Every structure is written in structure tokens, then in C-alpha cells.
Amino acid sequence: MSVHPILLCGGSGTRLWPLSRKSYPKQFVPLVGEETLFQASARRLSGPGYAAPVVLTNSDFRFIVTEQLAEAGIDPGAILIEPAGRNTAPAVLAAALWLEKTDPDGLMLVAPSDHVVPDALAFRDAVAAGVPAAEAGQLVTFGIKPAHAETGYGYLELTEDPGDFAARPLALKRFVEKPDAEQAAEMVAAGTYLWNAGIFLFSVRAILAAFRAHAPELVAPVQAAVDQGKPDLGFLRLAPEPWEQVEDISIDYAVMERAENLSVVPFAAGWSDLGGWDAVWRESRRDVRGVATAGPATALDCDDTLLRSEDAGLEIVGIGLKDIVAVAMPDAVLVADAHRAQDVKAAVAALKGKRAKQAEAFPKDHRPWGWFESLATGDRFQVKRIVVHPGAALSLQSHHHRAEHWIVVEGTAKVTIDDEVKLVTENQSVYIPLGAVHRMENPGKLPMVLIEVQTGSYLGEDDIIRYEDVYARGQGAKG
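Residues numbered from 1 in each chain as written. Predicted model: local features only at pLDDT ≥ 70, side-chain atom pairs only at ≥ 80, totals over all residues. Heavy atoms only, no water.

Engineer: So what's going on with empty space enclosed by the protein? Residues and values would help.
Structural biologist: Taken as a whole and assessed by the stated rule, the structure comprises three cavities of 30 Å³ or more. Lining the largest cavity are 21 residues, with Trp369, Leu394, Gln397, Glu461 and Ile464 sitting closest to its centre. Within the residue set of the lining of the largest cavity, elements represented by two or more residues are strand S20 (381-388), strand S22 (402-410), strand S26 (438-441) and strand S27 (448-456). Along the lines of polarity and charge, the residues of the lining of the largest cavity split into seven nonpolar, five polar and nine charged. (1 Å grid on protein atoms, 1.4 Å probe; cavity = no way out; pocket = protein on both sides within 12 Å on 5 of 7 lines; lining within 4 Å. Points joined across faces, edges and corners; volume = space filled by probe spheres on them. Helix = DSSP H or I, 4+ residues; strand = E, 2+ residues; numbered from the N terminus. Nonpolar A, V, L, I, M, F, W, Y, C, P; charged D, E, K, R; others polar.)

Engineer: Requested: an account of the sheet that holds S20, with residues and values cited.
Structural biologist: Here six strands make up an open sheet; going across it, the order is S18-S19-S20-S27-S22-S25 and the pairing antiparallel. Both edges of this open sheet fall to strand S18 (364-367) and strand S25 (429-432), since each of them pairs with a single strand only. The sheet shows a mean angle of 20° between the axes of neighbouring strands, direction not considered. Two strands pair when backbone bridges link them, and S22 and S27 are joined in this way by eight bridges, in the antiparallel orientation. Note that in S27 the partner of Glu404 across the bridge is Gln454. (Pairing = 2+ DSSP bridges. Axes fitted to C-alpha atoms, helices over the stretch in contact; angles between N-to-C directions.)

Engineer: Can you explain the UniProt feature "domain: MannoseP isomerase/GMP-like beta-helix" (unreviewed entry) in the protein chain? Please cite residues and give values.
Structural biologist: The positions UniProt marks with the feature "domain: MannoseP isomerase/GMP-like beta-helix" (unreviewed entry) are residues 299-350. Each end of residues 299-350 is marked by a C-alpha atom, and these two atoms are 29 Å apart; helix forms 13% of the span and strand 38%. (UniProt positions renumbered as here; feature names shortened; annotations may be inferred.)

Engineer: Tell me about the layout of surface pockets, residues and numbers included.
Structural biologist: Of the pockets and cavities examined, the second largest pocket occupies roughly 810 Å³. In terms of lining, the second largest pocket is formed by 34 residues, of which the most central are Tyr24, Val29, Pro30, Glu310 and Lys364. Counting residues per element, the ones that place at least two in the lining of the second largest pocket are helix H2 (62-72), strand S12 (292-294), strand S14 (306-309), S18 and strand S19 (370-377). Broken down by element, the residue count for the lining of the second largest pocket peaks at four residues, all from H2.

In C-alpha cells form, the structure reads like this:
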């Protein structure tokens, strides 16, 4: 029997701002190691005994998902597009209802796509240890051996001492909400509590029966969203109308805390959800003074500090720091006491309150054809760097309010302007008048880079009228 990985990757990860933002959250970033968290998660849940992964994400991330899976050499089984975020219960239910049509006797391994598990083999062994219980109809969750008294996680209380924490199904007594520091210390000392990793293993039949028994109000609208879903370039877009009626609720609240057929498999080989910069520091390679650096960063006489620059041209220097997190991006810098890493989420809320674009928008705007970033802006002009993947093409489009100059600096662009199509090579430029119908393509085998100079009365990304698009996007900034 194959295990179907269900990868959830729709979260925003605001506690890792400014690197993780709503427009490009932490699962798509190489926070620890060379691969992104999403790629590492997909690779961890692959190999003999595993089916192709089913991915739950949103419309903005759908092409990032396919691009990163392709880079990792993994073919997805299905990518379900949620019309809006509704938490984990509806997402898991949608995946189960989709699998019911193709493998109703299969097993589902539900996992967030933004966790770090250094020992992938040990994790797969833990999954294998839980398979017999899942095949017998149990809802299996995975509990992490606590490394410290963490207040940012929920806990699982066991009915017995886990002993050596060997991977085997144990009985679950209850779920415990995120505790305060005193409660967390008491639970860790007791030895019968595990961190709730939010990872689950169960059969399609068992989880559907659990939803029908404990959260029946979710079943009809999610079933309708799946049944009325429309294929779109290899994705399945869940129907938005019934999805709007679905409650925003986690699988813990909807099902797990109400079910009785529960088992827990302990896992002690290392895990982190990277829920804050303090967790990133713990998972990073540190020197003898506890200093972790990434990118062009220099630490002088620092202790237990994280210095990270995400721009090759931006050097960050720390002098005499202790217990500090400093993260530099081209458009924002975070400096925080490491013990207050969880307060970064409050900082993002404050930025939203003052309508700072840095609160949610990433400096690089990723699109299915590549990405762009703004280099300079003025009242009536904007300069961008645009990178187009080999073989990719922007939509055939026009603008009401701006004209554009394109200067190719790497590669060759195939440019359409109204009825004229021509090749523009490195060091050549082309002018697109206001209102002209135009398109840019990369016919080469290497990324094509150009500098775009926009001039006009309005330079917003929503000033786009699409006529043709190989990615089947609609109108609007991203479509």
C-alpha cells in the first residue's frame, strides 16, 4: 500500500519577516541548507513506498510549487488550488476526497512543507512504524521529543512514559494548547509530553469517517468544491462558491481533539518548524561563541547572535552583540532581541497598520515566467530588472498609463509590438509606446535578463490588460 504525501504550503510565515512574507513565505526559501524547506519536505516524503505528493496551495504560489518540484526532480501527483485559506481541516478533507476517487484504500501522510527534519531516513522509519496502526484505522500523529520548554508549540500528553522514545504507536491522552513558560517547563520535566508536530498519518477511509462523525458541517461544501473543481494547466482549482462556505478551522480542533482512535509515534531524531528566528539560529551552524552568519555578514566580539544578509551587495556587521537577531533585506532590516523572536509577528501587524508595503510584499515578485524587482522609482518612472526563464513568455498585454523601454543585458528576447516580431540581443533596446500590444519571450536555453524603464502617470502592476497568456491567468496584477 502506497503512502500519499499531502504537502500543505499556503501559510505566510510572518514570524520570519522580513525574509518570509505573504507574497513569498518561508517554505519557498532556503533558510537552512541549499534546498528550500518545501523542496526538502517533498524529498523527505519520497522514495519506495511513497506515491507522488499531493500539494495544497493557493493560486499565487502554484507556479512556484511546480518550479521548485521540477528543480528537485519530483513530479507531483496533484496540485489542488485553494480559492482562499481555510486552515488545515478543509485542506486535508479536500485531499482525502480527491484521493477517495483514485485510491480509497490508500494512506495519507499530512505534513506542513516548512519544517526542518535533518534525518530524513529516521523520519521515514517513524512513518513506517505508524503504518500498521494507520492501516488498522487509527489516526496517527507524530510527537517530537521536547528539546526545551517551548511556548510556541502545542503538546501531546501520552498515557504512558515514552521510555527511549523509540518510534512506535503509543496511546494519546489529550492535546494541550500552547502553554506559558511555567507550564512548558513542568510538562518537559514530566517526560510524558511531546511537541505536537502537526504531522498525521491515516487511511483515506478513516479520516473521511472521522470528518463525517466529528465535523459533518465541513463535508458537503468541501465535497462540492472538489467535485466542481476545474482543471487548469495541470492544477485542480477547487470551486470558489462552495469553498466560501467552509469554516476556517484546524484539523486538531475539527477532528483530532474529538476522535478516540488516536495513536502517537514519538520522534526524537531532530525537528523544527522554524517558527521564529530563534529556531533558525538553533538549526544553523554556529561558531564557538554561538554566532551564526549567512550571506555577506561579519561578527566582531559577538555571542549567541544571528547575522544574516539576503543581498550579495549588502554587508551586515555586528559588533559586541549578544542574543541578537539581525536580518537584512534590500528593502527592510530586522534587529531584535533573540528572546523576543515571537514578537516579529506583532511587528508585521504594526507595519500593516502603517500600510508599509514591506509588511507583505517581497522585493522580488515571482511569476510563472520568472521574476522581477524594482531598482529605482520616482513620481513618473520606475526601473526594473526582469529575469525570464528559458522558453518562458510573458502574456500578450497592453497598458493604459505607461510606456516602456526594454534593454537586454543577458541573452536574447523575442519581442512582439503590435504586428512586429523581432529578436533583441544583448546591449540592444526596444521602445513600447503607451497602449501598444506587446509580449516578451525568451527563446534561448539560458535565463534572459533585461532592464525595463517605465514612464507614465500610473505604474501599478494592475495596469495590465491580457489578451493571451500561456499560463491561463486572468486579468489583474498576477491573474
